[in-house]
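Here is how the chains run, residue by residue.
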Amino acid sequence: MSGRLLRLACTAAIAAGTALAPVPANAVPEPGERTVAELLTDLQRLYREAEQATETYNATEEKLKKQKAQVLRLDTALSRARLSLHDSRGAAGRLARQQYQNSTNISPYVRLLLARDPQHALDQGHVIGQLARERAETVGRLTGSEKKADGVAREARKALDAQLTLAARQKRDRDGVRKKLRDVEELLSSLSEEQLRELARFEEDEITEAQDDLIASGALSDKDRKPSDRGDKAVRYAMDQLGKPYKWGAEGPKEYDCSGLTSQAWGHAGTPIPRTSEEQWARLPRIPLKELRPGDLVIYFADATHVAMYLGKGEIVQAPRTGEKVKVSPIASNPILGAVRPDQDSEAR
């Protein structure tokens with residue numbers, strides 16, 4: 001662990017697509033002016049801000065995917081509506097030609113009076129009435145097709161405008177993540193190897209203390225709970241990803257961010273869940289920490305910007321942050337907000 005934060009300094013730069021550069025004089029205060037605890041607080045804040053920006057980007061990405069699907073659906077519907085309109089106009093054109101060819105100045109009433117066979121004339125009138133109704137239906141279909149095509153076209157234009165707006169927002173969110181990662185790089189690159197080692201030791205001690213306090217509080221059950229069938233599948237999937245690098249916005253199979261790992265694990269288990277940690281916290285059933293079983297999700301920070309999967313015995317599997325890899329950690333690695341269960345209705349084995 002001694003070189004862990006030093007490795008982060010390099011890998012964070014690679015993840016952001018930039019190289020470590022000398023820090024501007026006014027970018028970061030002189031390291032000697034701050035204690036290790038203050039440096040770690042700053043670093044953790046920057047990581048949190050980067051992860052928050054990442055989850056915002058992920059949420060926009062999900063909305064954009066749905067909007068693109070909506071645009072595609074409406075484009076297909078518009079093509080069908082235009083084809084239907086073309087057919088209706090063709091039928092209306094044939095109707096107009098027939099009316100022109102069969103036009104006469106003699107009214108149906110006069111034809112009936114002059115007919116040699118009134119009954120035959122009445123039968124013809126019935127046929128004429130049927131044709132009139134069919135013509136009315138043709139005109140009605142044309143009018144309906146025109147209205148439908150116009151309506152679908154308006155929807156399609158609105159959907160496309162929404163897609164373009166989301167695409168612009170996605171670009172801003174992406175730039176926001178990159179800026180946050182640059183802030184991390186600047187702080188890390190300003191530190192010596194000894195300071196990085198001190199930070200790593202300090203962070204480890206902090207996590208150990210938080211874990212001991214959590215266990216001593218009795219917030220976790222000492223009962224060895226069994227996962228549900230799908231929870232077991234989700235856990236096995238997540239554990240198969242151990243050692244794969246964290247990358248913001250990634251959903252596998254080679255790289256993951258925190259919610260990318262949990263959403264993919266549960267998706268492969270047959271229970272699709274929301275993509276982001278905020279949505280997982282907002283939409284999935286919440287459970288007390290005492291009821292945690294393997295496969296449940298632990299949500300971190302007051303704004304639900306980090307998520308991990310519970311393994312049991314006070315441990316989680318997570319994609320921690322830029323520069324690290326999917327790994328097993330103590331559940332108290334970050335401040336816990338709460339826990340959710342994607343398969344609340346499934347009984348444990």
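Structure: see above.
Residues numbered from 1 in each chain as written. Predicted model: local features only at pLDDT ≥ 70, side-chain atom pairs only at ≥ 80, totals over all residues. Heavy atoms only, no water.

(A) Local environment of the overall build of the protein chain. The helix and strand inventory of the protein chain stands at eight helices and six strands. Along the protein chain, helices and strands appear, N-terminal first, in the series α-α-α-α-α-α-α-α-β-β-β-β-β-β. Scored against the burial criterion, the 349 residues of the protein chain give a buried share of 39%. By sequence separation, contacts in the protein chain at least 24 residues apart represent 74% of the contacts at least 6 residues apart. (Helix = DSSP H or I, 4+ residues; strand = E, 2+ residues; numbered from the N terminus. Buried < 20%, exposed > 50% of the residue type's maximum accessible area, 1.4 Å probe, protein only. Contact = heavy atoms within 4.5 Å.)

(B) Structural detail: the packing of helix H6 (residues 229-240) against helix H7 (residues 258-268). In the contact formed by H6 and H7, the axes pass within 8 Å of each other and the chain directions differ by 130°. Comparing the axis directions of H6 and H7 gives the class oblique. For the pair H6 and H7, the sense of crossing is right-handed. Contacts between H6 and H7 involve Arg230, Gly231, Ala234, Tyr237 and Ala238 from the former and Leu261, Gln264, Ala265, Trp266 and His268 from the latter. (Axes fitted to C-alpha atoms, helices over the stretch in contact; angles between N-to-C directions. Parallel < 35°, antiparallel > 145°, perpendicular 65-115°, else oblique. Left-handed = near helix turned anticlockwise from the far one by under 90°.)

(C) The arrangement of helix H5 (residues 193-217) in detail. Compared with an ideal rise of 1.5 Å per residue, which puts 25 residues at 36 Å, H5 spans 36 Å between its outermost C-alpha atoms and is within 8% of the ideal. All of the buried residues along H5 are Gln195, Leu196, Leu199, Ala200, Glu203, Ile207, Gln211 and Leu214. (Expected span 1.5 Å × (residues − 1).)

(D) Structural view of the sheet that holds strand S1 (residues 286-287). Pairing in this open sheet of six strands is antiparallel, and the strands run S1-S6-S2-S3-S4-S5 from one edge to the other. In the strand order of this sheet, the two ends are held by S1 and strand S5 (327-330), each with one partner. As paired elements, S1 and strand S6 (residues 336-340) share two bridges and run antiparallel to each other. Looking at the pairing, Ile287 lines up with Ala339 of S6. Against the sheet, H6 engages strand S3 (306-312), strand S4 (315-318) and S5, with an angle of about 110° to S3. Sitting on the sheet, H7 is in contact with strand S2 (297-300), S3 and S4, with an inclination near 50° to S3. (Pairing = 2+ DSSP bridges.)

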